[in-house]
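An overview of the molecular structure
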Amino acid sequence: MNKVLMLKEQIYNFVQRTGPIIPIKVAKHFKSDTIFISAILSELITGKKLKLTKAKIGSSPLYYAPGQEPKLANILKPYLKQIFQTALEFLEERKVLRDQDCEPAIRASLRELKDFAKPLTIQVEGNQELFWQYYTLNNEETKSLINEILERVYKKEEPKPEVKEEPEVETPKPKEEIKEEQEQINQEIKQEFQQPEPVEEPEEFEEPEEEIKEEEQPEEPEEQEEEQPEEEIIEETEEKSLLKKEEKETLLIQDQPKQREKDFEKTIISFLNKKEINILEKQTIKKNRELNFVVKVPSNMGDLMYFVKAKNKKKINEGELLLAFTEGQNLKLPTIYVTNAETTKKAIVYKEKNMKGLLYKKIKF
């Protein structure tokens, strides 16, 4: 078995026993270089065997195995800022917090505590509510606590039943009373007609002649349309055309299909064939991402054996170069590193000082 693969398995078992842990302690245990150990730990994270914290002790994050999450708070809390410690303790006590109910400083701190505060967004009666869940709390407890908060916030008063007033029913009057009232009304009507009031003739009077003057209405000024200068109109049309071009370009970029991941292996083999390099062995470490080769390179002195590490990545650091260099040394072969990735300046300097003989080749995939 490859020595690097054996070491990777040993480091994984060590973190399972002792994690969460920083890389320096792992390096001391295995009496190895911290950069080399960090590279192996990052490989384990990429393979989803280990996890990494956002919070750091100094400049180092913690590496831990799944199931070791409850230990994180006790280890990292002393290294957090005071405001973050306060927010963490508050969340740990309440288990679930409604974002709107928190003070501004706590709300800002919860957004930074990514290892301990899990955001949950819920739609309630057309409103978007943000909640924070303590990282060790299970889903059932979280749901019940959120429901309690929502009942308190959105509690509505039960509508009171409307009391309808029944109309008063008038009791019918006796016939004798009705007759008396009718007679009184008739007598009053007769008296009014028998004694008419004298009508006074209105006095004649002359109406004063009022001079009616027509109010002169001021003429409304005609609204003059503000003419925009031609330069502004030209600038607007140019901006619109530029926007349309940008939209078309973004649409073209979105419509372009992603490169098939199959091309990675084909590109590497094609590159080796063009250089007249004979492939003796091929090993797929990670499909469409990482390949190992043992090859023969023709030269004036005869064929030379090389170990080739090919990686499909965005950026390569010194740890990954060291990891490949060590794999070649274990096979007692010089190493060629082929990738499409950018290399950091720190990695280039480290390679020149510590990995003489490592050949680095960047190609386009």
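Quantities reported herein were computed from a predicted structural model and do not represent experimental measurements.

1. Quick word on the sheet that holds strand 7 (residues 290–297)
Reading across from one edge, 6-7-8-10-12 is the order of the five strands in this open sheet, with mixed pairing throughout. At either end of the open sheet lies a strand with only one pairing partner, and these are strand 6 (278–286) and strand 12 (359–362). Strand-to-strand twist in this sheet, taken as the mean axis angle between neighbours without regard to direction, amounts to 20 degrees. Taken together, the five bridges between strand 8 (residues 304–311) and strand 10 (residues 335–339) define a ladder with parallel strand orientation. In the strand pairing of strand 10, lysine 309 is matched with tyrosine 337.

2. Considerations on the nonpolar core
In terms of nonpolar packing, the biggest core is built from 30 residues, with Ile11, Ile40, Leu41, Leu44, Leu50, Leu321 and Met355 touching the most fellow members. Ignoring anything within four residues of it in the chain, the contact list for leucine 321 reads Ile316, Tyr337, Thr343, Ala347, Lys351, Met355, Leu358 and Tyr360.

3. Description of helix 3 (residues 34–46)
The α-helix winds at 3.6 residues per turn, so residues separated by three or four positions along the chain end up facing the same way. Relative to the 18 Å expected for 13 residues at 1.5 Å per residue, helix 3 spans 18 Å between its end C-alpha atoms, a close match to the ideal helical length. Those residues of helix 3 that sit buried are Phe36, Ile37, Ala39, Ile40, Leu41, Glu43 and Leu44. The inward-facing, buried residues of helix 3 abut helix 1 (3–18), helix 2 (23–30), strand 2 (60–64), strand 7, strand 8 and helix 11 (318–330).

4. A short note on the packing of aromatic side chains
Summed over the entire model, instances satisfying the criterion amount to four aromatic pairs. Measuring from centroid to centroid gives 5.3 Å for phenylalanine 116 and tyrosine 135, while their planes differ by 75 degrees, and the two rings are edge-to-face. One end of the pair, phenylalanine 116, is in the loop between helix 6 (104–112) and strand 4 (117–124); the other, tyrosine 135, is in the loop between strand 5 (127–134) and helix 7 (139–153), and 19 residues separate them in sequence. On the accessibility criterion, tyrosine 135 (8% relative accessible area) is buried. Cluster of aromatic residues (ring-pair linked, three or more members): Phe116, Tyr134 and Tyr135. For lysine 49, the ring lying beneath its charged end belongs to tyrosine 12, and the centroid distance is 5.4 Å.

5. Looking at the pattern of salt bridges
What the rule picks out here adds up to 16 salt bridges. The partner of glutamate 327 in a salt bridge is lysine 309, with the nearest N and O atoms 3.0 Å apart. With glutamate 327 in helix 11 and lysine 309 in strand 8, this pair connects stretches of sequence that are 18 residues apart. Each member of the pair, glutamate 327 together with lysine 309, is buried. Its salt-bridge partner being glutamate 320, residue lysine 313 comes within 2.6 Å of it at the nearest N-O pair.

6. Some points on unusual backbone geometry
Among all residues except glycine, the phi angle is most often negative; among peptide bonds, the trans geometry is most common. Omega for the bond connecting glycine 19 with proline 20 falls within 30 degrees of zero, at -5 degrees, which places this linkage in the cis form. With respect to the secondary-structure elements, proline 20 resides in the loop between helix 1 and helix 2. Of note, the phi angle at lysine 95 is positive, near 75 degrees, even though the residue is not glycine. With respect to the secondary-structure elements, lysine 95 resides in the loop between helix 5 (82–94) and strand 3 (96–98). When its relative accessible area of 30% is taken as the criterion, lysine 95 is described as partly exposed. A positive phi is found at asparagine 288, a non-glycine position, where the angle reads about 65 degrees. With respect to the element layout, asparagine 288 can be found in the loop between strand 6 and strand 7. The buried category is assigned to asparagine 288, whose relative accessible area is 15%.

7. Points about the confidence of the model for the protein chain
Of the residues in the protein chain, 70% have a pLDDT of 70 or more, and the chain-wide mean is 78. Below pLDDT 50 for its whole length, residues 195–236 participates in two contacts with residues either more than four positions away or in separate chains. For the stretch residues 248–258, pLDDT sits under 50, and the model shows zero contacts to residues farther than four places along the chain or on other chains.

8. Concerning the sheet that holds strand 5
Here we have three strands laid out as an open sheet, ordered 3-5-4, and antiparallel in their pairing. The outermost strands of the open sheet, each flanked by one partner alone, are strand 3 and strand 4. Averaged over all pairs of adjacent strands, the angle between strand axes in this sheet comes to 30 degrees, irrespective of strand direction. Relative to strand 5, strand 4 runs antiparallel, the two being bridged by eight bridges. Bridging from a neighbouring strand, alanine 117 pairs with tyrosine 134 of strand 5. Contacting strand 3, strand 4 and strand 5, helix 7 crosses the sheet at an angle of about 35 degrees to strand 3.

Thresholds, definitions, all that
Residues numbered from 1 in each chain as written. Predicted model: local features only at pLDDT ≥ 70, side-chain atom pairs only at ≥ 80, totals over all residues. Heavy atoms only, no water. Pairing = 2+ DSSP bridges. Helix = DSSP H or I, 4+ residues; strand = E, 2+ residues; numbered from the N terminus. Axes fitted to C-alpha atoms, helices over the stretch in contact; angles between N-to-C directions. Core = buried A, V, L, I, M, F, W, Y, C linked by side-chain atoms within 4.5 Å. Buried < 20%, exposed > 50% of the residue type's maximum accessible area, 1.4 Å probe, protein only. Contact = heavy atoms within 4.5 Å. Expected span 1.5 Å × (residues − 1). Phe/Tyr/Trp six-rings, centres within 6.5 Å; stacked < 30°, edge-to-face > 60°. Lys NZ or Arg CZ within 6 Å of the ring centre and 35° of its normal. Salt bridge = Lys/Arg side-chain N within 4 Å of Asp/Glu carboxyl O. pLDDT = per-residue confidence, 0-100.

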